[in-house]
Number of protein chains: 4
Amino acid sequence: MLDRTPIDLANETAEAALRADYDSLGERLARAGLDIAAIKDKAARFAVAVPSWGVGTGGTRFARFPGRGEPRGIMDKLDDCGVIHRLTGATPTVSLHIPWDKAPAADLLAKAAEWGLGFDAMNSNTFQDQPGQLLSYKHGSLSHTDPSVRAQAVEHNIECIEIGQTIGSKALTVWIGDGSNFPGQSDFSRQFDRYMDSARAIYAALPADWRLFTEHKMFEPAFYSTVVQDWGTNYLIATELGEKAFCLVDLGHHAPNTNIEMIVARLVSRGKLGGFHFNDSKYGDDDLDAGSIDPYRLFLVFNELIEAEGKPGFAPAHMLDQSHNVTDPIESLMVSATEVQRAYVQALLVDREALAAHQEANDALMATTTLKRAFRTDVEPILAMARLDKGAAIDPVAAFRASGYRDRVAAERPAAQAGGGGIV
Amino acid sequence: MLDRTPIDLANETAEAALRADYDSLGERLARAGLDIAAIKDKAARFAVAVPSWGVGTGGTRFARFPGRGEPRGIMDKLDDCGVIHRLTGATPTVSLHIPWDKAPAADLLAKAAEWGLGFDAMNSNTFQDQPGQLLSYKHGSLSHTDPSVRAQAVEHNIECIEIGQTIGSKALTVWIGDGSNFPGQSDFSRQFDRYMDSARAIYAALPADWRLFTEHKMFEPAFYSTVVQDWGTNYLIATELGEKAFCLVDLGHHAPNTNIEMIVARLVSRGKLGGFHFNDSKYGDDDLDAGSIDPYRLFLVFNELIEAEGKPGFAPAHMLDQSHNVTDPIESLMVSATEVQRAYVQALLVDREALAAHQEANDALMATTTLKRAFRTDVEPILAMARLDKGAAIDPVAAFRASGYRDRVAAERPAAQAGGGGIV
Amino acid sequence: MLDRTPIDLANETAEAALRADYDSLGERLARAGLDIAAIKDKAARFAVAVPSWGVGTGGTRFARFPGRGEPRGIMDKLDDCGVIHRLTGATPTVSLHIPWDKAPAADLLAKAAEWGLGFDAMNSNTFQDQPGQLLSYKHGSLSHTDPSVRAQAVEHNIECIEIGQTIGSKALTVWIGDGSNFPGQSDFSRQFDRYMDSARAIYAALPADWRLFTEHKMFEPAFYSTVVQDWGTNYLIATELGEKAFCLVDLGHHAPNTNIEMIVARLVSRGKLGGFHFNDSKYGDDDLDAGSIDPYRLFLVFNELIEAEGKPGFAPAHMLDQSHNVTDPIESLMVSATEVQRAYVQALLVDREALAAHQEANDALMATTTLKRAFRTDVEPILAMARLDKGAAIDPVAAFRASGYRDRVAAERPAAQAGGGGIV
Amino acid sequence: MLDRTPIDLANETAEAALRADYDSLGERLARAGLDIAAIKDKAARFAVAVPSWGVGTGGTRFARFPGRGEPRGIMDKLDDCGVIHRLTGATPTVSLHIPWDKAPAADLLAKAAEWGLGFDAMNSNTFQDQPGQLLSYKHGSLSHTDPSVRAQAVEHNIECIEIGQTIGSKALTVWIGDGSNFPGQSDFSRQFDRYMDSARAIYAALPADWRLFTEHKMFEPAFYSTVVQDWGTNYLIATELGEKAFCLVDLGHHAPNTNIEMIVARLVSRGKLGGFHFNDSKYGDDDLDAGSIDPYRLFLVFNELIEAEGKPGFAPAHMLDQSHNVTDPIESLMVSATEVQRAYVQALLVDREALAAHQEANDALMATTTLKRAFRTDVEPILAMARLDKGAAIDPVAAFRASGYRDRVAAERPAAQAGGGGIV
């Protein structure tokens, strides 16, 4: 599906300069007592999951402007995800969304095997009504006042677990749109009690080796209140459900100005960090490409993760969750995976011994300078060399463009219709 | 279309209590030197336009959950708008959106006449692609890099003016989604220059007795930058275009914590306040019902408008612009029109002479208490009596529910399909 | 100290109109099945504590502009607090701040008895350095890296408890400024561990019938991170400390757009709501007068409290915590106490049976209208009548101005110096 | 005052590694068609002014924790500023604040000459009351209701100009705290009219070769409204005053989520950008060290400035304006000056031809990648080499610590008292 020739040709052209940059960076790092090869190996092992829905063009409530060659279904989506992994070497798993991605397990596994892909967390959907669905989620799902609606939503989540078991997934991510648009519309406490009842029912169906990730979000689609509005409520949920329940942090789901890295640290400290939906944002849940707006914030999140490495049971899931409205989704996902990997590698460079000493001495200036030094290191040669080593592309976007993949699938896949978003 | 009988019956039942409340309020106001009848007359003359698109159920990028009896087109929409006006007596005009509301002028005028409605500002749409549209607005419209796209967008706006002229409209409202999702995607200055060129071309086509309203918005659908991002840029536009150009203030289009009433005062002071899109919001452009989240803020806006009354050329347009996702749109629009009217009447009660004296004396406590006294007056008897006088409903929502209108149109109008919003 | 004559004269003048308003409101409420006398009795029993520091003029980091007759110490402050209670009848207790208010217990009790006052929660201060203090809190207090500093801060809190025991207080409020100004300055987890150690030491010293209130705050005086940054961390603290530990909610300590009433509901649901620091704000911790910026939000908080009334152990503390920079502090505190009481009474008027039915039926419009109806009721006659009944002032501000109290204390108390705030 | 020996010794030790890094960076840049020497020369010419008040320890309304060796007056401050310039080579001018820095012109000039310093913009102060001041600014200054207060404030600004003329300054920066804390406290329009009258009086006194910089700020010290609240109002002021009036942008004075770089572009496009007060912030006007919270935002601001380079009359002033509460002010100012310079140099590396082509082609991904490539380049070798060339320190903080300067001045200058901030 993806011709290796243009990748190899481009790599050959770029290799000499890359090796020069890699070597000079290696010398600089060595002066600081760091072994570039060891860091490159860690970079090579770093992985972030791609969301199946991310390879389609996203939209807003105002409009959706489709791109060329949009995937027609999960098989096309897996092809696109495969391309992303082939070119970046950083995205070995795909996260499915049910019912969007329903397909026979054998077909899913076969297609994934073609590309060397596995399956990450399953995602349920009770924030939309599907054709033929018996009861509507207009007024809520897991927290609906009507027990029949809650039962339907619970059942759907259990089905997601069952599907996931057939394809090797080990986690269920639950994000709901439940909330309210008006003061008084919902009784906060009774609504949360209902949510907890439903969550317990789902948790009870979780296999022993699975994890449940619940996701908090400040607002949207509900605009006055959201049932799982912040990490505080998310923590309540994860604690009260049990040891297989964890909090998922989507970087775009917080109030303005929130110190997200501190939330990460709090969840780590109480053993309840499940993982991330990576993306970036300036205003709300903008779902922009990871690291595109505030790359230092992404680094600070990884600074916490590196700090926590080695803690018992610490194994946060890395997933991208973005909406690509004006770019080629494959390109955006490749760049985003690389940006997440970049933040990880930058955080590896932090001199933690020096940092701890500055913190202990209340030397704020040198402590923050210690972080900045790691952050401002241009680790691109490490990332590129890790890619080259595994036969991925030194420059994934250039290789993708040279590959002609988009033209090819645009020819095969019929053009999608422009859509009006939610407002019409 | 709307049986008067249930309205009249309900009014008869409620009239005695209303008169008692009205009289006791009249006595209280008289003690403060205020004539309740004069205020009631002003309330009766107050009007706010209903947006044609507001009578359909709204949605988010995640989903749209249709309601019962959704309007199939502009004729149904005008019926719904007519009901709103009949029951509230406060919404004598409708604001159309092109191309959604395209229809022969004669048909529009005839249907409007049935309900005693007129037409308010025209709204153009260059934030979506329409079926059959030659060039896409995916990367912008009035500020697109491609002059052909800009020309198409300008042409569409001129068509809106032309349609408006056939139905008695006197204003064009321009809101665009142009902006960018990534740092660097657009050159801010060149993009704005292109916008100004297009705006000048539209302005040139404006009839002598028309006004042009441009609307600013901080974000959405663009998530890194918006071309007309705030009142500062909006003011530049209105000033540089000419004396028929004015700024439109949508209450939900500002940064968190923004003092909107102060922006209103600034625009009034420079003669550039065009009018409002009323709604309420807690997080972003939530488009909730006017006054539902922060009624005091709505009052403070009207406090500025009453302060400015009588200034030469001061004639701001009042329009609702909301998205009704979980309520019956007709009910929400009736309540919202009433809430806007309520804020207006409360602002009329402010003792402006006392307020000015407290301001002059820097007596902040008494100044703010003067506003609060007006705000906390329950003016519902005034609003209800104004409605009763014109044959509208004392309790519009109750009357609407009693009327059976929704059931009737639900039987006539086929059920709409649930939609997936922009993300699928 | 406060002549009753002008109060009585003013009450006599105003009484007739008040009785007329009270009666007509009584009739309206009776139509809704509500007994105004019962509500008035509840209003009369409602109490909110005044902070001793609130009667002095506040300031910002830029400047402090003193007022006339500023209290010279805790005895003057208690006089001012007594005036507030005498005129409003709503503030029977005072909350002390140590070391600012240190004085012999007998003197404190005697002065309080003069005015019929009691003592509310004690407040410790480890966010400033006091003259003669051994170790500095520049780099933290309860979470400082140096165990000696932590011990000093713990010791101070224990001293506050001891002082409080001598004057009948039953609670300790702990707010600290600990945090960091730079990424990396502090290790979030170790810092929080240190905080917990200190908190446990304080908790261990708490008498059996006392409660510990910990307070969260998003930012200021620390500007990158705060140790107790939000209700999530505050909940962790209260849960891990034990059953005498509760969360205090200051309305101004949250991120922009935060739904505070929902936090209240969550804390109530888990039995961890300790109480409130009431104030209002538009931007940050502005410490403006309660209800002055967003009165509906204050009402929505009380809506949750009324909803929770009767739950076992539910007894939230009500305290004002404001900074009066441009008004007479006594006047602001009187008005603020009344606004808090107003929100309480409005929330009492909510038809909870109807509300629950609308919630159950997902009738968002009628649910929110049910709240709004209560909110827009002008309950001033109830509040004023409750004051009149207990010999307080129908119009506290007018009575205060007529009393000549401020002039009298201005003559006794020497003028304070203007200050430069923190920046010089 | 500052021994060169430790600087030179440290430079000698570090020089070899620096040259290696510089050379390898030079090769990388050369591959991209960039001449590192030319960039280094531009870096060397880049300058940012230091605020005289910045070398003292700052504080909040809660407390001020003094540092060691705090400057006793303007002469000490100039010494500290001189050290900053000597070690960074990037801060050749100092911005004075009147009345804090009043001193005989000859003394100021002599002391500045010792260190090779000049004087930047003058800053007036009408946000505090000074001992002996006739009228108070408690209720405003340039916009006060009382014409005598306004006259006093205007007079003070004119005095600042006069002082500035004696020491070679060419600009006056006006920032006021005027605003209001309560709805209704001030009439927005009349207040702004009064402000404009005062501003015109100051403008009239401006020498022909001077510029007037007015500064906007969203909030603090006023917490409901600020007279010059945003760039829109600031633009009105600059436009209506005349061609010597310009807008100053302080990075911390905006609403949450504001796109500041876009404001910069708008002001540039209309010829009204006066310059900057650089700092960083996470919540409000936190006044943290430049680039310490969001370095990419600082880069994006400079991206606009480089884009605008060469426009006629484009000469924005660069000034730091920070509050150093927990670090050594000299160290923070050195690091901050360097961070501003870093952003400038990174912005110089942007391939503007490629960027423009991507923008024209709506290739958002490559456009933003073009910016990111420049941003992620570690330009420290360029900055360090520019410093080395002029005899400044390769590592200014290390050199400062080695110099013993702080110990020396701590011995000379008596310890300052801890302060209580504005709240006590």
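To be clear, the structure that these remarks concern was listed above.
So, a few notes on the structure that sits alongside this text. A quick note: this is a predicted structure, and the numbers were derived from the prediction, not measured.

What follows is about the interface of chain C and chain D. The partner chain D presents 54 residues to the 54 residues of chain C that form the contact. A buried area of about 4600 Å², summed over both sides, lies between chain C and chain D, and 64% of it is on carbon and sulfur atoms. For chain C, the biggest contributors to the area lost against chain D are Arg61, Lys138 and Tyr283 of chain C; these three give 16% of the whole. Inspection of the chain C/chain D interface yields 6 salt bridges. Close ionic contact of arginine 61 of chain D with aspartate 285 of chain C constitutes a salt bridge, the shortest N to O distance being 2.9 Å. Inspection of the region where chain C meets chain D yields 14 residue pairs in polar contact (both at pLDDT 80 or more).

Superposing chain A onto chain C takes a rotation of 180° combined with a translation of 0.0 Å along the rotation axis, leaving an RMSD of 0.0 Å. What the superposition gives is, in effect, a two-fold axis relating one chain to the other. Residues of chain A ranked by C-alpha distance from the rotation axis are headed by glycine 232 of chain A, positioned 2.0 Å from it. Most of the interface of chain A is mirrored in chain C: 100% of its interface residues are interface residues there too.

This part is about the packing of helix H10 (residues 329–348) of chain A against helix H14 (residues 396–403) of chain A. All names here are of chain A. Across the interface, H10 lies against H14 with an axial gap of 9 Å and an inter-helix angle of 155°. By the criterion of interaxial angle, the relationship of H10 to H14 is roughly antiparallel. The handedness of the crossing between H10 and H14 comes out as right-handed. Every residue of H14 that contacts H10 at Ile330, Glu331, Met334 and Val335 is listed here: Pro396, Val397, Phe400 and Arg401.

Turning next to helix H14 (residues 396–403) of chain B. Along H14 of chain B, the positions that sit buried rather than exposed are Pro396, Val397, Ala399, Phe400 and Ser403 of chain B. End-on, the buried residues of H14 of chain B take up no more than an arc of 165°, which puts them together on one face. Check the buried side of H14 of chain B and you find it contacts helix H1 (4–31), helix H3 (74–88), helix H10 (329–348), helix H13 (380–389) and helix H15 (405–412) of chain B together with helix H12 (364–375) of chain C. One or two residues past the end of H14 of chain B sits glycine 404 of chain B, with phi positive at roughly 75°.

Once that is clear, we can look at the pairing of strand S5 (residues 171–174) of chain C. All names here are of chain C. Residues Ala171 and Thr173 line one face of S5 and the alternating positions Leu172 and Val174 line the opposite face, and both faces are buried. Pairing analysis gives 2 bridges linking strand S4 (residues 122–123) to S5, with the strands arranged parallel. In the strand pairing of S5, asparagine 123 is matched with threonine 173. For the segment spanning S4, helix H5 (residues 147–167) and S5, crossover handedness is right-handed. Here S5 pairs with strand S7 (residues 211–215) via 4 bridges, running parallel. Counted as the bridge partner of threonine 173 is phenylalanine 213 from S7.

Criteria and cut-off values
- Each chain has its residues counted from 1, running along the sequence as written.
- Throughout, the order in which chains and ligands are written sets their labels, letters from A for the former and numbers from 1 for the latter.
- At least 70 in pLDDT is required for a residue's local features to be given in this predicted model, at least 80 for side-chain atom pairs to be given and counted, and no such filter applies to totals for whole chains, interfaces and linings, which use all residues.
- Only hydrogens and water are set aside; all other atoms, that is, all heavy atoms of the structure, feed into the side-chain values.
- Whether two residues touch is decided by their heavy atoms; if any such pair falls within 4.5 Å, the residues are in contact.
- We define buried area as the total accessible area lost by two parts upon association, computed with a 1.4 Å probe and summed across both.
- When a carboxyl oxygen of Asp or Glu lies within 4 Å of a side-chain nitrogen of Lys or Arg, that pair is called a salt bridge.
- Pairing of N or O atoms within 3.5 Å defines a polar contact, subject to two protein rules: one partner must be a possible hydrogen donor and the other a possible acceptor, and residues neighboring in sequence count only if both atoms are side-chain atoms.
- For the least-squares superposition of copies, only C-alpha atoms count, and only for residues with pLDDT at least 70 in both.
- With axes taken as lines fitted to C-alpha atoms, and helix axes fitted only over the stretch in contact, angles between N-to-C directions fall between 0 and 180 degrees.
- Secondary structure follows DSSP: runs of H or I at least 4 residues long count as helices, runs of E at least 2 residues long count as strands, and numbering of each begins at the N terminus.
- Note that the term roughly parallel is reserved for angles under 35 degrees, roughly antiparallel for angles over 145, roughly perpendicular for angles of 65 to 115, and oblique for everything else.
- Here a crossing is called left-handed whenever its near helix is offset anticlockwise from the far helix by less than a right angle, and right-handed whenever the offset is clockwise.
- Here the term buried applies to any residue with accessible area under 20% of the maximum for its type, exposed to any over 50%, and partly exposed to those in between, with areas from a 1.4 Å probe on protein chains only.
- Each direction from the helix axis to a C-beta atom contributes to the arc, which is the arc of those directions.
- DSSP calls a pair of strands paired once it identifies at least 2 bridges connecting them.
- We call a crossover right-handed when, viewed with the strands running away from us, the connection from the first strand over the helix to the second turns clockwise.

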